[in-house]
Amino acid sequence: MSDRLYIFDTTLRDGEQVPGCQLNTVEKIQVAKQLESLGVDVIEAGFPISSPGDFNSVREISKAVTWPTICALTRAVQKDIDVAADALMYAKNKRIHTGIGTSDSHIKYKFNSNREEIIERAVAAVKYARRYVEDVEFYAEDAGRTDNEYLARVVEAVIKAGATVVNIPDTTGYCLPSEYGAKIKYLMEHVDGIHNAIISTHCHNDLGMATANTISGVINGARQVEVTINGIGERAGNTSLEEIAMIVKCHHDIDINTNINTQKIYSTSRMVSSLMNMPVQPNKAIVGRNAFAHSSGIHQDGVLKNVQTYEIIDPKEVGIDDNAIVLTARSGRAALKHRLHVLGVDVDGEKLDSIYQDFLKLADKKKEINDDDILLLAGVSSARENNVKVEFLQVTSGVGVKPVASIGLMIANEHFEAAATGNGPVDAAINALKKIISRHMTLKEFTIQAINKGSDDMCKVHMQVECEEQIYYGFGASTDIVAASVEAYVDCINKFRK
């Protein structure tokens, strides 16, 4: 029977320490409930003594979430622990996470102390926390740079004092996977009573090894992993929840399982990205926009013949509808033929060869070929090519002025006009557009990308709009962000399938 790996999510604590990504209590509750739906075992809800806002968030999350354990972080200080216990008052399952630095660097420069005193403080903190809760986790900060013999002494002491979980953080992301795995193995083999507690990993990504270190820790005996959605966190971030969940799911030889409902990974990733205003990099493993996109001709041909040739994960397993065949100058005949077939055009032989040659010429001029381009190359008029066009756009905004936008659209050779206000010039323009277009549309993603540099910067807007449970991508480019945004939204509208 497979071992159980517990997922400890610290998106709302370590993840929220990213500058500019702070959430209010309502937003934190929204994320916490999504994490519960995802199947996370432990939610680290905050550091209660750090601020009234953090205290309140921990308390309100404790009320809102049902079955996951709610965890509150503290230092090895009695007042911290008192405040954490108070914040966790309403939690059905509660945990206090206390600890202290154990590396020589921390002991000397941070605490101006010595090894024996640090062990005494660690034991005292655990015993004090056990007065409030049965589930106490101890973290040995900077364990990655703590020598194994001393670390083993600390771990053994806190387990005897009542710690139920012991966290071994690679606080600076310094360890190599082999070193971190060996550290966990050493503890498993040299700590008396090690099986009375769960050993946990907490790895940072400063050198890009957080996921590798975490998996190495699991292979060597750790049974809890501390992770964040999208790998967010201080500096270069933390271990990504989605990466660990899918590694464990794909590698049956690890013989371990989690409680994660992987089909909710993508929606959770989008929620966190949106609420924290932190876009996911396109090439991010599992949840990036390009994670299941193929542009190389060799890859496209293989995927079209058998998806497993270049995909080890079914996109549907993480909540993505399908993979994407992206047509570029590197695409081959197989990909072009497939896209034409999807668009209802079946060609072969010399006709396909002719279209393909024209396709390559166009692809050298454009970064990406869209469906309308393909239909034109095949000599088929796109039914929706010029369905909606922007005739004019006028926006008024400024300090102390409510943004107002007026827009004129040409739809199927008929002229329409509308005006609206909004929270900003882009919002006003989109609101005016929605007054004309009667369909229910939800803006799911909005990203601005600079194309060149200078005072006349050209920007490209990437937009994702949901209409009738279908997702449409739109793009717009202009030196005016508002104009580019409207162009992207109209591009989505023109792609709506009737």
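See the structure shown above.
Anyway, here's the lowdown on the structure attached to this text. (Residues numbered from 1 in each chain as written. Predicted model: local features only at pLDDT ≥ 70, side-chain atom pairs only at ≥ 80, totals over all residues. Heavy atoms only, no water.)

In spatial order, the strands read β13-β14-β15; together these three strands make up an open sheet with antiparallel pairing. Unpaired on one side and paired on the other, β13 (388-398) and β15 (414-421) mark the two borders of the sheet. With strand direction ignored, the average angle separating the axes of adjacent strands in the sheet is 10 degrees. Taken together, the eight bridges between strand β14 (residues 401-411) and β15 define a ladder with antiparallel strand orientation. Residue pairing in the sheet places Ser406 in a bridge with Ala419 of β15. Of the strands in this sheet, β13, β14 and β15 touch helix α15 (residues 425-436), which is tilted by about 140 degrees from β15. (Pairing = 2+ DSSP bridges. Helix = DSSP H or I, 4+ residues; strand = E, 2+ residues; numbered from the N terminus. Axes fitted to C-alpha atoms, helices over the stretch in contact; angles between N-to-C directions. Contact = heavy atoms within 4.5 Å.)

Taking 1.5 Å of rise per residue, 13 residues should cover 18 Å, and helix α2 (residues 52-64) covers 18 Å from first to last C-alpha, within 8% of that figure. Listing the buried residues of α2 in full gives Asp54, Ser57, Val58, Arg59, Ile61 and Ser62. The inward-facing, buried residues of α2 contact α1 (25-38), β3 (42-46), β4 (69-73) and α3 (78-87). (Expected span 1.5 Å × (residues − 1). Buried < 20%, exposed > 50% of the residue type's maximum accessible area, 1.4 Å probe, protein only.)

This part is about the packing of α1 against α2. How two helices pack is summed up by the angle between their axes together with the distance between the axes. Put simply, α1 and α2 touch, their axes get as near as 9 Å, and they point 40 degrees apart. Relative to α2, α1 is oriented oblique. Crossing handedness for the pair α1 and α2: right-handed. Across the interface between the two elements, Thr25, Lys28, Ile29, Ala32 and Lys33 from α1 touch Gly53, Asp54, Asn56, Ser57, Glu60, Ile61 and Ala64 from α2. Tallied by class, residues from the contact of α1 with α2 come to four nonpolar, four polar and four charged. (Parallel < 35°, antiparallel > 145°, perpendicular 65-115°, else oblique. Left-handed = near helix turned anticlockwise from the far one by under 90°. Nonpolar A, V, L, I, M, F, W, Y, C, P; charged D, E, K, R; others polar.)

Enumeration over the complete set of coordinates arrives at 21 salt bridges. Residue Asp54 is joined to Lys28 by a salt bridge in which the shortest nitrogen-to-oxygen separation is 3.0 Å. Here Asp54 is found in helix α2, whereas its partner Lys28 is found in helix α1, with 26 residues between them in sequence. As far as the burial class goes, Asp54 and Lys28 line up, both buried. The shortest N-O distance in the salt bridge between Arg145 and Asp142 comes to 3.1 Å. Under the relative-accessibility criterion, Arg145 is labelled partly exposed at 42%. Using a relative accessible area of 0% as the deciding quantity, one classes Asp142 as buried. (Salt bridge = Lys/Arg side-chain N within 4 Å of Asp/Glu carboxyl O.)

This part is about a nonpolar patch on the surface. A surface patch of nonpolar side chains, amounting to about 310 Å² of accessible area, comprises Leu443, Phe446, Ile448 and Ile481. In terms of residue count, the dominant contributor to the nonpolar patch is strand β16 (residues 441-450) (three residues). (Patch = residues over 30% accessible without salt bridge, like charges linked within 9 Å, V, L, I, M, F, W, Y side chains within 5 Å. Areas by Shrake-Rupley, 256 points an atom, 1.4 Å probe, with all protein chains shown as cover.)

Our focus in this paragraph is the packing of aromatic side chains. Tallying each qualifying case throughout the model produces one aromatic pair. The side chain of Lys63 reaches across the aromatic face of Tyr90, ending 4.8 Å from its centre. In this structure, Arg115 packs its charged tip against the face of Tyr150, placed 4.6 Å from the ring centre. (Phe/Tyr/Trp six-rings, centres within 6.5 Å; stacked < 30°, edge-to-face > 60°. Lys NZ or Arg CZ within 6 Å of the ring centre and 35° of its normal.)

Looking now at the pairing of β13. With nine bridges joining them, β13 and β14 adopt antiparallel strand pairing. When the bridges of β14 are listed, Phe392 appears paired with Gly408. Counted between consecutive antiparallel strands, the loop separating β13 from β14 contains two residues, among which Gly400 sits at a positive phi close to 80 degrees.

Moving on, we come to the sheet that holds strand β8 (residues 198-203). If you trace the eight strands once around the closed barrel, you get β2-β3-β4-β5-β6-β7-β8-β9, paired in parallel fashion. Each strand axis lies, on average, 25 degrees off the axis of its neighbour in the sheet, ignoring direction. Across four bridges, the pairing between β3 and β4 is parallel. Looking across to β4, one finds that Gly46 is bridged to Ala72. Across the face of the sheet, helix α6 (residues 148-161) comes into contact with β6 (136-141), β7 (165-170) and β8 while running at roughly 155 degrees to β7.

So, on to the nonpolar core. By size, the foremost hydrophobic cluster in this structure holds 88 residues, and its most contacted members are Phe138, Val155, Val166, Ile168 and Ile265. With nine residues, the top contributor of residues to this core is α6. Apart from the residues lying within four places of it in its own chain, the contact partners of Ile265 are Leu38, Glu242, Ala245, Met246, Ile260, Ile286, Val287 and Val318. Core analysis: the next-biggest nonpolar cluster, separate from the first, contains 29 residues, Val388, Ala432, Val482 and Ala488 among them. (Core = buried A, V, L, I, M, F, W, Y, C linked by side-chain atoms within 4.5 Å.)

All right, on to the pairing of β8 then. Taking burial as the measure, the six residues of β8 include five buried ones, the bulk of the element. With six bridges joining them, β7 and β8 adopt parallel strand pairing. Each residue of the ladder has a partner; that of Val166, found in β8, is Ile199. Crossover handedness for the path β7 to helix α7 (residues 177-190) to β8: right-handed. (Right-handed = clockwise from strand over helix to strand, strands pointing away.)

We now examine the environment of Gly221. When you line up the elements, Gly221 lands in the loop between α8 (210-219) and β9 (224-227). Spatially, the C-alpha atom of Gly221 lies 9.1 Å from that of Leu187, the residues being 34 residues apart in sequence. Look past the residues within four positions of Gly221 in its chain and what remains in contact with it is Ile184 and Met188.

Here we take up unusual backbone geometry. Even without being glycine, Asn230 reaches a positive phi, approximately 65 degrees. Tracing the sequence through the fold places Asn230 in the loop between β9 and α9 (241-250). A residue is classified by how much of its surface remains accessible, and Asn230, at 12% relative accessible area, is buried. One non-glycine residue, Ala412, lies in the positive phi region at around 50 degrees.

Overall, the coordinates contain zero disulfides when judged by the stated rule. Here Cys203 is not cross-linked by a disulfide; its sulfur's nearest cysteine counterpart is in Cys175, at 7.6 Å. Overall, Cys203 belongs to the buried group, its relative accessible area being 0%. (Disulfide = S-S within 2.5 Å.)

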